[in-house]
Amino acid sequence: MPEGDTVWNTARVLDRALAGRRLTGSDFRVPQLATTDLTGATVHGCVSRGKHLLLRLTSPPAESSAEAPAGDRDGAWTLHSHLRMDGAWRAYAPGERWTGRPAHLIRVVLRTADAVAVGYHLHEVALVPTAEEDALVGHLGPDLLGPDWDAAEAVRRLAAGPTVPVGEALLDQRNLAGVGNLYKCELLFLRGVSPWTPVGEVPDLPGLVDLAQRLLAANRGRWTQSSTGSLRRGETSYVYGRRAQPCRRCGTAVRKRDLGDRVTYWCPTCQPERPGGTQIDTIG
Ligand SMILES: [Zn+2]
């Protein structure tokens, strides 16, 4: 499940593979960039902003089609992508077999002399002048894994919507950027808060925000996402993905509710639909 930590890891993979390198070829298999050629561009680096990936480059191709974004050809450009539920980037050595996903899911290929970066099932692929990145990510709240993480601002933004169910508010990237369904469910379990509690009734909002930051930070740098402290298969979550299985704390069957693509798992005993549920609050 690509959440802030996965996207942070992905940015690091791309940064290590491409930063400081000149692109020797590119292949965009998305309609909006089908005729774009980034051959000759130099990659500055790649960063994550919440769940968005920003690959920064300079000197894009002199020749691109009329559909390519207008802008300063000598300036700085950003290739934006979003993984949503199912996207991924992989870096390979030249000549290495691309084993990440089926070939028909490939959306972007970027080649250098030393590496090939392949983007699978990417969403919102766009090439914009770096100066206009804000149009893509400016709406985001404080980035849980960003260098400028601001807990107080995240709390302020959440608190500004006191009637919004907290499960929904945590997913709203305008409040804080990086939490997806998995961490939403796990955070609320750890804090003993029902996902349907209005934000204004959450007992300790700063504590919830602080735990969100610690949970994502603890998972940064590895691909297995765990909220329990265990990296063993089947033991990495308290409630997420555990419908009808006994709660690890009280034994009650974990429940699941589907609201479109916003799946919620919770323990009705540990997370009663009123404030005052028991808190565990450990990451392990
Ligand atoms: Zn329970």
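For clarity, every value in this text was computed on a predicted model and none was experimentally measured.

A few points about the domain arrangement of the chain
(1) Moving on: Here the chain is partitioned into domain 1 (4–138) and domain 2 (151–266).
(2) Moving on: Summed over both sides, the interface between domain 1 and domain 2 buries roughly 960 Å², with carbon and sulfur atoms accounting for 58% of that surface.
(3) Moving on: Viewed at the interface, domain 2 and domain 1 are joined by 0 salt bridges.
(4) Moving on: Applying the counting criterion to the domain 1 and domain 2 interface returns 6 residue pairs in polar contact (both at pLDDT 80 or more).
(5) Moving on: Residue composition of the side of domain 1 that touches domain 2, grouped by class: 3 nonpolar, 5 polar and 3 charged.

Structural notes on helix α5 (residues 181–190)
(1) Moving on: Where burial is concerned, most of α5 is hidden: 10 out of the 10 residues are buried.
(2) Moving on: When α5 is considered as a whole, its buried residues turn out to be N181, L182, Y183, K184, C185, E186, L187, L188, F189 and L190.
(3) Moving on: Phi for G192, located one or two positions after α5, is positive at around 65 degrees.

Quick word on the sheet that holds strand β1 (residues 25–28)
(1) Moving on: On the basis of which strands lie adjacent, the open sheet formed by 4 strands has the order β1-β6-β7-β5 and antiparallel pairing. Of all the strands in the sheet, the pair left with one neighbour each is β1 and β5 (88–92). With direction set aside, neighbouring strand axes in the sheet form an average angle of 15 degrees.
(2) Moving on: For strand β6 (residues 106–111) and strand β7 (residues 116–120), the ladder comprises 5 bridges, and the chain directions are antiparallel. Bridge pairing in β7 links L110 to A117.

Quick word on the coordination of the zinc ion
(1) Moving on: Coordination of the zinc ion by the protein involves C247 (SG), C250 (SG), C267 (SG) and C270 (SG), with metal-donor separations of 2.2 to 2.3 Å.
(2) Moving on: For the zinc ion, the 4 donor atoms are set out with angles of 100 to 113 degrees between them, so the coordination reads as tetrahedral.
(3) Moving on: Written as a sequence motif, the donor residues of the zinc ion are C-x2-C-x16-C-x2-C. Taken together, the residues span a long stretch of sequence, with C250 in the loop between α6 (205–219) and β9 (255–259) and C270 in the segment after β10 (262–266) at a distance of 20 residues.
(4) Moving on: Judged by relative accessible area, C270 falls into the buried class, the value being 3%.

Re the nonpolar core
(1) Moving on: Of all hydrophobic cores here, the largest spans 36 residues; its most connected members are V166, L170, L187, L208 and V239.
(2) Moving on: Broken down by secondary-structure element, the contributors of at least two residues to this core are α3 (151–159), α4 (166–171), α5, α6 and β10.
(3) Moving on: If we ignore the near neighbours within four places in the chain, the residues touching L208 are V166, L170, L187, L188, R191 and V202.
(4) Moving on: Counting residues in each nonpolar core, the second largest holds 27 residues, with V7, A17, W77 and A117 among its members.

Brief notes about the packing of aromatic side chains
Any aromatic ring pair is given by two values, namely how distant the centres are and how the planes are angled relative to each other.
(1) Moving on: Overall, the coordinates contain 4 aromatic pairs when judged by the stated rule.
(2) Moving on: Between R220 and the ring centre of W8, over which it is positioned, the NZ or CZ distance is 5.2 Å.
(3) Moving on: The ring of W196 is capped by R257, whose NZ or CZ atom sits 4.1 Å from the centre of that ring.

Conventions adopted
Residues numbered from 1 in each chain as written. Predicted model: local features only at pLDDT ≥ 70, side-chain atom pairs only at ≥ 80, totals over all residues. Heavy atoms only, no water. Domains from an automatic or database assignment. Buried area = accessible area lost by both parts, 1.4 Å probe. Salt bridge = Lys/Arg side-chain N within 4 Å of Asp/Glu carboxyl O. Polar contact = N/O pair within 3.5 Å; in protein donor to acceptor, adjacent residues only side chain to side chain. Nonpolar A, V, L, I, M, F, W, Y, C, P; charged D, E, K, R; others polar. Buried < 20%, exposed > 50% of the residue type's maximum accessible area, 1.4 Å probe, protein only. Helix = DSSP H or I, 4+ residues; strand = E, 2+ residues; numbered from the N terminus. Pairing = 2+ DSSP bridges. Axes fitted to C-alpha atoms, helices over the stretch in contact; angles between N-to-C directions. Donors = N, O, S within 2.8 Å, 3.2 Å for Na, K, Ca; no water. Tetrahedral: all angles 85-135°; square planar, octahedral: opposite > 155°, others 65-115°. Core = buried A, V, L, I, M, F, W, Y, C linked by side-chain atoms within 4.5 Å. Contact = heavy atoms within 4.5 Å. Phe/Tyr/Trp six-rings, centres within 6.5 Å; stacked < 30°, edge-to-face > 60°. Lys NZ or Arg CZ within 6 Å of the ring centre and 35° of its normal.

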